[in-house]
Amino acid sequence: MKNDVQIKNKRAYFDYHIVEKFNAGIALLGTEIKSIRQGKTNMSDAFCMFIGSTLYVRNLHISEYSHSSFYHHDIKRDRVLLLQKKELKKLKAKSEEKGYTIVPLRIFTNERGFAKMEIALAQGKKEFDKRDSIKERESKRELDRAMKF
């Protein structure tokens with residue numbers, strides 16, 4: 001099976017300093033995985049949180065599958081993220097510290113066709129950090145333009 005699904009959360013890289021990354025499985029319904037394979041997913045408002053000892057991703061928008069019948073999934077339902085116990089304990093301890101949060105970075109399919117989510121332990125950027133990111137991006141763009149000619 002081709003690994004052609006790559007849905008990225010570009011906003012997360014702009015708003016957060018990435019400290020550590022993890023790959024997690026997602027508990028999905030049949031129509032949800034089909035929509036993901038079509039690329040009908042929006043991650044811009046998504047965030048991760050613990051409810052009890054289980055990690056959930058919230059506000060992940062997966063559109064309804066275009067060829068489904070009357071049974072549709074809820075578009076913004078909470079979805080369980082599947083990690084090892086050791087990783088869950090580490091994430092829970094760090095996310096309870098001040099300034100740390102868990103953000104989804106991208107959704108991809110592995111070689112077996114399962115949907116996975118790359119999540120990250122992150123710290124929020126300050127306003128001046130965001131301005132520095134914009135300056136770096138613009139200078140890189142100008143260099144690329146100059147190298148073209």
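In case you missed it, the structure is sitting above this.
Bear in mind that the values here come from a model prediction, so they are computed numbers and not experimental data. All residue numbers refer to position in the chain's written sequence, counted from 1. At least 70 in pLDDT is required for a residue's local features to be given in this predicted model, at least 80 for side-chain atom pairs to be given and counted, and no such filter applies to totals for whole chains, interfaces and linings, which use all residues. Hydrogens and water are ignored here; the side-chain numbers use all heavy atoms of the structure.

Student: Break down the pairing of strand S7 (residues 79-82) for me, citing the residues and quoting the values.
Tutor: Burial classes: relative accessible area under 20% of the type maximum marks a residue as buried, over 50% as exposed, and values in between as partly exposed (1.4 Å probe, protein chains only). Counting from the N terminus, the helices are DSSP H or I runs at least four residues long and the strands are E runs at least two residues long. Residues Arg79 and Leu81 of S7 are buried on one face, while the alternating residues Val80 and Leu82, pointing to the opposite face, are not. For two strands to be treated as a pair, DSSP must find at least two bridges joining them. Bridge analysis of strand S2 (residues 16-26) against S7 gives two bridges, and the strand direction is antiparallel. From the neighbouring strand, glycine 25 faces S7, where its bridge partner is leucine 82.

Student: Any chance you could break down the nonpolar core for me, citing the residues and the numbers?
Tutor: When a protein is soluble and globular, its nonpolar side chains tend to lie buried together. Buried residues of nine kinds, namely Ala, Val, Leu, Ile, Met, Phe, Trp, Tyr and Cys, make up a nonpolar core once their side-chain atoms join them within 4.5 Å. Core analysis: the biggest nonpolar cluster contains 24 residues, and Leu55, Leu81, Leu91, Met117 and Ile119 have the highest contact counts within it. Of all the secondary-structure elements, those providing two or more residues to this core are S2, strand S4 (47-51), strand S5 (54-58), helix H3 (85-95), strand S8 (100-109) and strand S9 (115-124). Those residues in contact with leucine 55, other than ones at most four positions away along the chain, are Cys48, Met49, Phe50, Arg79, Val80, Leu81, Leu83, Leu88, Leu91, Ile102 and Ile119. Ala12, Val103, Leu105 and Ala120 belong to the second-largest nonpolar core, a separate cluster that totals five residues. For this analysis, residues touch if any pair of their heavy atoms sits within 4.5 Å.

Student: Quick rundown of unusual backbone geometry? Include the residues and the values.
Tutor: What you tend to see is this: most non-glycine residues have negative phi, and most peptide bonds are trans. Within the chain, asparagine 59 stands out as a residue other than glycine whose phi angle is a positive 60 degrees. Within the secondary structure layout, asparagine 59 lies in the loop between S5 and strand S6 (61-62). What makes asparagine 59 partly exposed here is its relative accessible area of 30%.

Student: Which residues make up a positive patch on the surface, and what values do they have?
Tutor: What goes into a patch is any residue over 30% in relative accessible area without a salt bridge, connected to like charges within 9 Å or, for nonpolar side chains (Val, Leu, Ile, Met, Phe, Trp, Tyr), within 5 Å. For accessible areas, the Shrake-Rupley method is used with a probe of radius 1.4 Å. Any residue's cover is judged against the shown protein chains and nothing else. Salt bridge, as applied in this entry: a Lys or Arg side-chain nitrogen positioned within 4 Å of an Asp or Glu carboxyl oxygen. We score Asp and Glu as negative and Lys and Arg as positive, and we do not count His or the chain ends. By convention, charge coordinates are those of NZ in Lys, CZ in Arg, CG in Asp, or CD in Glu. Residues Arg137, Arg141, Arg145 and Lys148 make up a contiguous surface patch of positive charge. Relative to the helices and strands, arginine 141 resides in helix H4 (residues 127-148).

Student: Residue-level account of the packing of aromatic side chains, with values.
Tutor: Here a pair means two rings of Phe, Tyr or Trp (six-membered ring of Trp) with centres within 6.5 Å. Their orientation is stacked below 30 degrees between planes, edge-to-face above 60, and tilted elsewhere. Taken as a whole, this structure holds zero aromatic pairs when the rule is applied. The cationic tip of arginine 106 hangs over the ring face of phenylalanine 108; the distance from NZ or CZ to the ring centre is 4.3 Å. Criterion for a charge above a ring: Arg CZ or Lys NZ at most 6 Å from the ring centre, at most 35 degrees from the ring normal.

Student: Could you give an account of the pairing of S2, with specific residues and numbers?
Tutor: One ladder, built from nine bridges, connects S2 with S9; its direction is antiparallel. In the sheet register, glycine 25 faces S9, and the bridge partner there is lysine 116.

Student: Kindly report on the environment of threonine 101, identifying the contributing residues and their values.
Tutor: Looking at the element boundaries, threonine 101 is found in strand S8. Distance from threonine 101 to glutamate 20, taken between C-alpha atoms, is 11 Å for residues 81 residues apart in sequence. Residue contacts for threonine 101: discarding those within four places in its chain leaves Tyr16, Ala120, Leu121 and Ala122.

Student: So, the side chain of serine 133: which residues are in play, and what are the values?
Tutor: Turning to its location among the elements, serine 133 is positioned in helix H4. Pairing of N or O atoms within 3.5 Å defines a polar contact, subject to two protein rules: one partner must be a possible hydrogen donor and the other a possible acceptor, and residues neighboring in sequence count only if both atoms are side-chain atoms. A polar atom in the side chain of serine 133 sits 2.8 Å from the side chain of lysine 125. Beyond its immediate stretch of four places on either side in the chain, serine 133 contacts Phe14 and Lys125.

Student: Could you give an account of the sheet that holds S2, with specific residues and numbers?
Tutor: Pairing is antiparallel in the open sheet, where seven strands are placed in the order S1-S8-S9-S2-S7-S5-S4. The open sheet is flanked by strand S1 (6-8) and S4, the only strands paired with a single partner. Each strand axis lies, on average, 40 degrees off the axis of its neighbour in the sheet, ignoring direction. Where S5 and S7 come together, two bridges link them in antiparallel fashion. In the sheet register, valine 57 faces S7, and the bridge partner there is arginine 79. Axes here mean lines fitted to C-alpha atoms, for a helix over just the part in contact, with angles spanning 0 to 180 degrees between N-to-C directions.

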